[in-house]
Amino acid sequence: MNDQAAKLRQLVSQNRNKKARVITVTSGKGGVGKSNFTLNFALCLKELGKKVVILDADLGLANIDVLLGVSTKLNLANIIYEDKTIWDVMYKSEYGIDIVSGGSGINDLLNLEERQLQHFFTQIESLNQYADFVIIDTGAGLSKETTRFIISADEVILVTTPEPTSITDAYAIIKMVHSISTDINYRLIINRVANEQEGKSTADKLQLVTKRFLNIDLSLLGNLPDDKNVQKAVKRQKPFYLTYPNTEASLAIKDIANIFLDIKVEKETSHGITSFMSKMLNLLK
Ligand SMILES: Nc1ncnc2c1ncn2[C@@H]1O[C@H](COP(=O)(O)OP(=O)(O)OP(=O)(O)O)[C@@H](O)[C@H]1O
Ligand SMILES: [Mg+2]
């Protein structure tokens, strides 16, 4: 009996210490495949037994909504201003992953009363126990918002295509962030490659300049092929990974998710969603 109680206590305390790993997905140039990557990567992680919440932080069009053909009515602002809970604003998709829309919520954090801030943080804190990963789909480019998401996350997945403009914009974002923080964990995804070689040479170019000029080691997480079925799935408003499970892009993203879980996650520290939001708040000040 005592033994059981001790075990239970241990379980509870383990769970309290559990922290969701916060990953920001970003790019320099727009339209390079961030939202498709985020959604389908999340689905792979879910299939591999992980609980994933996507935070759609693009203040423009709600990208993940559109890819799924759904409309999430509430967002973080409803937690702040209407006392809603995280569960009220969370959209539970039929695919087993959940979506929370950022709306303007995060940018408003600075001007809140203590009580509102307290409520917001209590709600956000629940995600640590609930989710293994919170993946944030951001807008493209060198905006202040995106910079804050990059600096606050446990790690950053930077998406680029082999196009020179996409590579230079990816470099520009790393350089800009580097001027504010040198402590960022970047992983690179090269999307829409014609073949492995093109992926490798694209990664080489970016890795070379970031090493030479910024002394940053950029690691390659993987390549995703240019695959017509991605576009077809987008038009059907279904995730390509589920609609075309055997298409090249699906096989590649499955490999990426496996590599991602294998090589690192368990070994690296997750600071969790509360620490993420605190950093965001400090950067707003
Ligand atoms: N691997 C791929 N193969 C073929 N087409 C792709 C691939 N990835 C993305 N695309 C195409 O690029 C389009 C843009 O993708 P997505 O919306 O994911 O980009 P994004 O980076 O999130 O854009 P934004 O910056 O506007 O948020 C998709 O609608 C699809 O047509
Ligand atoms: Mg997008």
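Residues numbered from 1 in each chain as written. Chains lettered and ligands numbered in written order. Predicted model: local features only at pLDDT ≥ 70, side-chain atom pairs only at ≥ 80, totals over all residues. Heavy atoms only, no water.

Under the annotation held in an unreviewed UniProt entry, the protein chain carries the name Cobyrinic acid a,c-diamide synthase and is attributed to Desulfuribacillus alkaliarsenatis.

Participant: Looking at this model, I keep getting lost on helix 2 (residues 34-47). Mind explaining?
Facilitator: With 14 residues, helix 2 ought to run about 20 Å at 1.5 Å a step, and its terminal C-alpha atoms sit 20 Å apart, in line with that. Taken from the residues just after helix 2, G49 is the one with a positive phi, measuring 95°. (Helix = DSSP H or I, 4+ residues; strand = E, 2+ residues; numbered from the N terminus. Expected span 1.5 Å × (residues − 1).)

Participant: Looking at this model, I keep getting lost on the environment of I167. Mind explaining?
Facilitator: Along the chain, I167 falls in helix 9 (residues 164-178). Residue classification places I167 among the buried residues on the basis of a relative accessible area of 10%. With 58 residues separating them along the chain, I167 and P225 place their C-alpha atoms 16 Å apart. (Buried < 20%, exposed > 50% of the residue type's maximum accessible area, 1.4 Å probe, protein only.)

Participant: Would you mind going over the sheet that holds strand 3 (residues 91-92) with me for this structure?
Facilitator: Sheets are built from strands that pair by backbone hydrogen bonding, the pairs being arranged parallel or antiparallel. Strand order in this open sheet of eight strands is 3-4-2-5-1-6-7-8, and the pairing throughout is mixed. Bordering the open sheet on either side are strand 3 and strand 8 (219-225), each of which pairs with just one other strand. Here strand 1 (residues 21-26) runs beside strand 6 (residues 155-160); their pairing, made up of four bridges, is parallel. In the sheet register, I23 faces strand 6, and the bridge partner there is E155. This element, helix 9, spans strand 1, strand 6 and strand 7 (186-193) of the sheet and lies at about 155° to strand 6. (Pairing = 2+ DSSP bridges. Contact = heavy atoms within 4.5 Å. Axes fitted to C-alpha atoms, helices over the stretch in contact; angles between N-to-C directions.)

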